[in-house]
Amino acid sequence: MAVPVEEAIAALSTFSLEDEQPEVQGPGVWVSTERGATESPIEYSDVSAYRLSLSEDTKALNQLNVLTQEGKEMASVLYTYRSCVKALPQLPDSMKQSQADLYLETYQVLDLEMSRLREIQRWQASASSKLAADMQRFSRPERRINGPTISHLWSMLKLLDVLVQLDHLKNAKASIPNDFSWYKRTFTQVSGQWQDTDSLREELDDLQIFLSTRWAILLNLHVEMFRVNNVEDILQVLIVFVVESLELDFALLFPERHILLRVLPVLVVLVTSSEKDSESLYKRVKINRLINIFKNEAVIPAFPDLHLSPAAILKELSTYFPKFTSQTRLLTLPAPHELPPREAQEYQRHYLIINHIGAIRAEHDDFVIRFASAMNQLLLLKSTDGSDVEWSKEVKGNMYDMIVEGFQLLSRWTARIWEQCAWKFSRPCKDASPSFSDYEKVVRYNYSAEERKALVELVSYIKSVGSMMQRCDTLVADALWETIHAEVQDFVQNTLATMLRTTFRKKKDLSRILSDMRTLSADWMANTNKSESELQSSQHGGEEKANIFYPRAIAPTAAQVHCLQFLIYEVVSGGNLRRPGGLFGNSGSEIPVNDLKQLETFFYKLGFFLHILDYSVTVATLTDLGFLWFREFYLESSRVIQFPIECSLPWMLVDCVLESPNSGLLESVLMPFDIYNDSAQQALVLLKQRFLYDEIEAEVDHCFDIFVTKLCETIFTYYKSWAASELLDSSFLFASDNAEKYAVQPIRLNLLLKMTRVKLLGRMINLRSLIIERMNKVFRENIEFLFDRFECQDLCAIVELEKLLDVLKHSHELLSRDLSVDSFSLMLNEMQENISLVSFSSRLASQIWSEMQNDFLPNFILCNTTQRFIRSSRTVPVQKPSVPSAKPSFYCGTQDLNSAHQSFVRLHSGFFGIPHMFSIVQLLGSRSLPWLIRALLDHISNKITLLEPMITGLQESLPKSIGLLPFDGGVTSCVRLVKEHLNWETKSELKVEVLHGIKEIGSVLYWMGLLDIVLVSNVVQ
């Protein structure tokens, strides 16, 4: 019978798709090769529709962007380049006849790699030429071109940054010239049989010059820039823009700030090495401003394991640009390795995260609280019908502000990690052994335990905030778009309207630009309080009131933002590149300060809009920490295939958390694994190298296995210590002078124990299942160890075995509250080999019986006063293996708890009595105890059967009769007389054996009497 649709829907509504897994990982970024949302598919092609004479500028802008993207791919090729020569085979002397074939094969292999270097050489020549030509367009005296726009300036800087990074990589990679020398040698060997090799030789010579010349790309760019006419004007504009952006912190994302820092020293060198007066730069930008920037930023991240130093760049470039040698104030700046100790300490306080983690922690806690409050307000707004417009605008505006603040926090935090790594690479550990590799000196031994903890904490903050923001992407999208729409419409319809009526009323050129801005971006359809006639009259300068806009989730396009920024720049500067005072300086400007401030505020908001609209891409960029894994430069310098995982910074952070006594860090133990996710994404998408991904995957597989093992050890130790602490006798704790050392600090393991979906390299790993599997194995190993330990001791150790098994059982009970581990009785029976339904003997019962036969009954004697068996002074030696040792976790968890329990066990180690019998009854239970009793009874029966003929033999040696003993001789005389009559000399061994047998029978009977006392006591209880 079919179920009605309504009932089916109602039934489905009762199911919950939520689970109890906590969020202790970063945002889930699947390994993919899709294009990012920041890459516009139209590349500003719609600018021409706005008729602003920006078509030529936009065409050049698109060309620069394409070159920048190609340059990044070239940089990836250079950064991931590994020497091929190391893998080439060397022929033995016996195969010299095959030398020609080997040269040919070697040439073919190396030619493929050299073709990539030729492509880089051709590309840099083309890119330098196009960048120089683009700059020269803005430096002509008769220039009538609109621009450059801010987007254009950024495109120039980004392309220049790519060229600088390529040059730096070419200088740093020693394997490239080495491979080229082999390539040239093989070419000489194989080209003898070819025809027309002149062009190849010429191409080879050009490539050799390119590879062997330091800063060849920058020198070529300098030649191209000053080939036709000087470009000082545009270079100075770029420097002013860079300096203002750095000083006023206009760059929203840290990659933009690092770009500015990398290109600034190069721009200064280029502009001061021109034919014109180099001092003209310092009329626009004071040299002290440049020195302050270079001093404050002693090291700049370039690549994951490569850094740049402005001071070092300036000094090195001065040898290639002679005119720059006159800039003594810039050339005297110290490089990182030249810093005096006091200044180095100051920089260390600036760069090391540990010195800022307190402030970062406060920022994180405050932001998370306020972000959650803003989200609650937004959810309340969405669930409320007919809410107040002003309240809605306030809530969404607050959400927008929180998103911007979150981006700024993430950018600042991630930049700190980049900059700390760059500082560490510039200052290797000086106390490390000379036998250590360079990478070990800058990573493994260059981070103290406290610095690793601070880094783990900051990584956790970045990933947790990023995950929190990523999860609410769809919830905040409409609010962000509506807020951006309202910001733009309020500016173009209200602010600009006011300016048109007041400041720019009689300035036709500027009024036209402002009108273009309104035409470009005004959404008149969203204006709810104006009729069409009122709109027309207001546009002609009539009085108007502030407009109220209907909320619409429509954001400006990249082209609209580009054009608006250009128009604001035209209003402020009039397109004058030589204008003093910077972009929004008030020098020589006729615009009032208030209007200038409004234009400036909106101008920089426009730059934020594009990052906010590309929400998920921005979050991914700001939380990407994959650079912490890469080490290509140091692999080459150390001449190794790969470093051990102890040198891998992500694993160092995981291991630091597992080994740290700070239990609060344990919740963040999965955060460093997100570094592997980020690095794998970079290897496939940015660097496009499969071998890097394979290396990351291999390391992750190895590290995760070790991680699970260590985590389970931590979990097992914690629960074992907890159980041992609870089982300590209260009177012992009361009498102890320092009872606090036996207390166990709580650890919040329940979050990790709920993790069923750990995201790792695009896979989902059930960590909970792995922990359960491992814990079942550890419990069995612990039981096995305890039995092995007992089997190496005498029967008196049964009390210790019981106590340790009680601790283990109690720890199992505590752990079972959070994990579904196997039953303890099942594991115990399994390790005792007592699972079969027809098996009544167990490993423990067999060991007790064996111990009684071999050691207890022959060597222990009864003290009837104390009801205890003690070891006789005349014992038969028993060969036993040495007592095994193990980690403290296999005993009671910690050394202190082990000592406490051992102090109790030592009280029962020198005898066998009632406490030991209680332990035997408790451990054997009702299943194996009857088997032991049966074995003892059989032993008595066998012993009696064995002694019966011996006793008969002794009776035969007795005299037929013994007279009455004389009483006057005393006891001594009577004993001597009996011994004379009893002739035992021939039967002495038999007598001893009989007496021992009788003693064993008596011991068994008394042992069973103790057993009866214990069993009766248990029944009564």
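Owing to the predicted nature of the structure, the values given are computational and were not obtained by experimental measurement. (Residues numbered from 1 in each chain as written. Predicted model: local features only at pLDDT ≥ 70, side-chain atom pairs only at ≥ 80, totals over all residues. Heavy atoms only, no water.)

Our focus in this paragraph is the overall build of the chain. Scanning the chain for helices and strands turns up 38 helices and 6 strands. Of all 1021 residues assigned to the chain, the portion counted as buried reaches 51%. Within the chain, contacts between residues separated by at least 24 positions form 78% of all contacts whose residues are at least 6 apart in sequence. For the chain, the accessible area works out to roughly 49,000 Å², and carbon and sulfur atoms hold 53% of it. (Helix = DSSP H or I, 4+ residues; strand = E, 2+ residues; numbered from the N terminus. Buried < 20%, exposed > 50% of the residue type's maximum accessible area, 1.4 Å probe, protein only. Contact = heavy atoms within 4.5 Å. Areas by Shrake-Rupley, 256 points an atom, 1.4 Å probe, with all protein chains shown as cover.)

Time to look at the packing of aromatic side chains. Evaluated as defined, the whole model comprises 39 aromatic pairs. Between the aromatic rings of Phe-673 and Phe-704, the centroid separation amounts to 5.5 Å while the plane-to-plane angle is 70°, which identifies the pairing as edge-to-face. Taken together, the positions of Phe-673 in helix 27 (residues 673–686) and Phe-704 in helix 28 (residues 690–726) put the pair 31 residues apart, joining distant regions of the chain. Both residues of the pair, Phe-673 and Phe-704, count as buried. Ring centres of Phe-912 and Trp-1007 lie 6.3 Å apart, and the angle between their planes is 20°; this geometry places the pair in the stacked category. Of this pair, Phe-912 sits in the loop between helix 35 (895–906) and helix 36 (914–956) while Trp-1007 is found in helix 38 (residues 988–1020), placing the two residues 95 residues apart along the sequence. Judged by its relative accessible area of 0%, Phe-912 is buried. Residue class for Trp-1007 comes out buried when judged on its relative accessible area of 0%. (Phe/Tyr/Trp six-rings, centres within 6.5 Å; stacked < 30°, edge-to-face > 60°.)

Turning next to a negative patch on the surface. Taken together, Asp-198, Glu-202, Asp-205 and Asp-206 make up a surface patch of like negative charges. By the element assignment, Asp-198 lies in helix 6 (residues 198–212). (Patch = residues over 30% accessible without salt bridge, like charges linked within 9 Å, V, L, I, M, F, W, Y side chains within 5 Å. Salt bridge = Lys/Arg side-chain N within 4 Å of Asp/Glu carboxyl O. Lys, Arg positive; Asp, Glu negative; His and termini not counted. Charge placed at Lys NZ, Arg CZ, Asp CG, Glu CD.)

Before going further, it helps to spend a moment on the side chain of Ser-392. Residue position: Ser-392 is located in helix 16 (residues 389–426). When near neighbours in sequence (up to four residues on either side) are disregarded, Ser-392 contacts Leu-381 and Ser-387.

Note that Leu-751 resides in helix 30 (residues 750–753). Owing to a relative accessible area of 14%, Leu-751 belongs among the buried residues under this scheme. Taking the C-alpha atoms as reference points, Leu-751 and Glu-667, 84 residues apart in sequence, are found 7.1 Å from one another.

This brings us to the side chain of Ser-411. Turning to its location among the elements, Ser-411 is positioned in helix 16. Beyond its immediate sequence surroundings of up to four residues, Ser-411 is in contact with Leu-252, Leu-253, Phe-254 and Leu-622.

Let us now look at a nonpolar patch on the surface. Where nonpolar side chains cluster on the molecular surface, the patch consists of Leu-104, Trp-194 and Leu-200 and spans about 240 Å² of accessible area. Examined against the element boundaries, Trp-194 turns out to sit in the loop between helix 5 (175–190) and helix 6. A relative accessible area of 34% places Trp-194 in the partly exposed class.

Core analysis: the biggest nonpolar cluster contains 295 residues, and Ile-417, Phe-707 and Trp-1007 have the highest contact counts within it. With 16 residues, helix 28 is the largest single contributor of residues to this core. Here Trp-1007 is in contact with Met-852, Phe-856, Phe-869, Phe-912, Met-917, Ile-920, Leu-932 and Leu-936, once residues within four sequence places are set aside. Core analysis: the next-biggest nonpolar cluster, separate from the first, contains 9 residues, Ala-344, Tyr-347, Leu-352 and Trp-423 among them. (Core = buried A, V, L, I, M, F, W, Y, C linked by side-chain atoms within 4.5 Å.)

To continue, consider the pattern of salt bridges. When their charged atoms lie close together, side chains carrying opposite charge are able to pair. Evaluation of the coordinates by the stated rule reveals 44 salt bridges. Arg-370 serves as the salt-bridge partner of Asp-366, at 2.9 Å between the closest nitrogen and oxygen. Placement of the pair is Asp-366 and Arg-370 together in helix 15 (residues 357–383), with a separation of 4 residues, close to one helical turn. Relative accessible area serves as the criterion here: at 40%, Asp-366 is assigned to the partly exposed category. Owing to a relative accessible area of 30%, Arg-370 belongs among the partly exposed residues under this scheme. Lys-396 is paired through a salt bridge with Glu-482; the nearest N and O atoms lie 2.5 Å apart. Within this pair, whereas Lys-396 is found in helix 16, its partner Glu-482 is found in helix 19 (residues 473–501), the two being separated by 86 residues in sequence. One network of salt bridges, with partners in common, ties together Glu-784, Asp-788, Glu-791 and Arg-843.

Interpretation of this model should avoid reading the predicted coordinates in detail wherever pLDDT is low. Mean pLDDT for the chain: 83, with 87% of residues reaching 70 or above. This stretch, residues 528–539, has a pLDDT under 50; its non-local contacts, to residues over four places away or in other chains, come to 17 contacts. (pLDDT = per-residue confidence, 0-100.)

Axis angle and axis distance: for two packed helices, these are the angle between their axes and the distance between the axes, and together they describe the pair. Axis separation between helix 34 (residues 843–859) and helix 36 bottoms out at 9 Å; the angle between their running directions is 50°. Regarding the angle of helix 34 to helix 36, the classification is oblique. Crossing geometry of helix 34 relative to helix 36 is assigned as right-handed. Contacts between helix 34 and helix 36 involve Leu-844, Ala-845, Ser-846, Ile-848, Trp-849, Met-852 and Leu-857 from the first element and Ile-920, Leu-923, Leu-924, Ser-928, Trp-931, Leu-932, Ala-935, Leu-936 and His-939 from the second. Residues belonging to the contact of helix 34 with helix 36 are distributed by class as follows: 13 nonpolar, 3 polar and no charged. (Axes fitted to C-alpha atoms, helices over the stretch in contact; angles between N-to-C directions. Parallel < 35°, antiparallel > 145°, perpendicular 65-115°, else oblique. Left-handed = near helix turned anticlockwise from the far one by under 90°. Nonpolar A, V, L, I, M, F, W, Y, C, P; charged D, E, K, R; others polar.)

Taken as a whole, the second largest pocket holds about 710 Å³ of empty space. What lines the second largest pocket is a set of 27 residues, among which Leu-658, Thr-714, Thr-717, Tyr-718 and Ile-747 lie closest to the centre. Put simply, the parts of the chain that give the lining of the second largest pocket at least two residues each are helix 26 (649–659), helix 28 and helix 35. The biggest single contributor to the lining of the second largest pocket is helix 28, with 6 residues. (1 Å grid on protein atoms, 1.4 Å probe; cavity = no way out; pocket = protein on both sides within 12 Å on 5 of 7 lines; lining within 4 Å. Points joined across faces, edges and corners; volume = space filled by probe spheres on them.)

Time to look at unusual backbone geometry. As a rule of thumb, non-glycine residues mostly have phi less than zero, and peptide bonds are mostly trans rather than cis. With a phi close to 55°, Lys-688 is a non-glycine residue in the positive phi region. Backbone geometry places Leu-761, a non-glycine residue, at a positive phi of 55°. Looking at where Leu-761 falls in the secondary structure, it is placed in the loop between strand 3 (758–760) and strand 4 (763–765). Residue classification places Leu-761 among the buried positions, given a relative accessible area of 5%.

The next subject is the pairing of strand 5 (residues 860–863). Two strands pair when backbone bridges link them, and strand 5 and strand 6 (residues 868–871) are joined in this way by 4 bridges, in the antiparallel orientation. The partner of Cys-863 across the bridge, within strand 6, is Arg-868. Hairpin connection, strand 5 to strand 6: the antiparallel pair is bridged by 4 residues, and Gln-867 has positive phi, about 55°. (Pairing = 2+ DSSP bridges.)

Attention now moves to the environment of Ala-486. Looking at the secondary structure, you find Ala-486 in helix 19. Taking the relative accessible area as the measure of exposure, Ala-486 reaches 24% and is therefore partly exposed. Sequence separation between Ala-486 and Tyr-550 is 64 residues; the distance between their C-alpha atoms is 8.6 Å.

A word on the packing of helix 3 (residues 99–137) against helix 4 (residues 150–172). Where helix 3 contacts helix 4, the axes come no closer than 11 Å and their chain directions differ by 150°. Classified by the interaxial angle, the pair formed by helix 3 and helix 4 is roughly antiparallel. Every pair of crossing elements has a handedness; the one defined by helix 3 and helix 4 is left-handed. Note on element contacts: helix 4 touches helix 3 through His-152, Met-156, Leu-159, Leu-160, Val-162, Leu-163 and Leu-166, opposite Trp-123, Ala-127, Ser-128, Leu-131, Asp-134, Met-135 and Arg-137. A breakdown of the residues in the contact of helix 3 with helix 4 according to their chemical character gives 10 nonpolar, 2 polar and 2 charged.

Attention now goes to helix 33 (residues 824–831). Residues spaced three or four apart along an α-helix face the same direction, because each turn holds 3.6 residues. Taken together, the buried positions of helix 33 are Phe-824, Met-827, Leu-828 and Met-831. Each buried residue of helix 33 sits inside an arc of 100° when the element is viewed along its axis, so together they form one side. In the core, the buried residues of helix 33 are packed alongside helix 31 (767–791), helix 32 (798–816) and helix 34. Remark: Glu-833 follows helix 33 within two positions and exhibits a positive phi of approximately 60°. (Arc of directions from axis to C-beta.)

The next thing to look at is helix 3. Spanning 39 residues, helix 3 covers 56 Å between terminal C-alpha atoms, matching the ideal 57 Å at 1.5 Å per step. Of all the bends found along helix 3, the most pronounced is centred on Asp-111 and spans about 30°. (Expected span 1.5 Å × (residues − 1). Bend = angle between axes of the 7 residues up to and from the residue.)

The subject of this paragraph is the environment of Leu-687. Its location among the elements puts Leu-687 in the loop between helix 27 and helix 28. Expressed as a C-alpha distance, the spacing of Leu-687 and Ser-76, which sit 611 residues apart in the sequence, is 5.0 Å. Apart from residues lying up to four places away in sequence, Leu-687 is in contact with Ser-76, Tyr-79, Thr-80, Phe-630, Gln-682 and Leu-692.

The pairing of strand 1 (residues 300–303) with strand 2 (residues 306–308) spans 3 bridges and is classified as antiparallel. Bridge assignment links Ile-300 to a residue of strand 2, and that residue is Leu-308.

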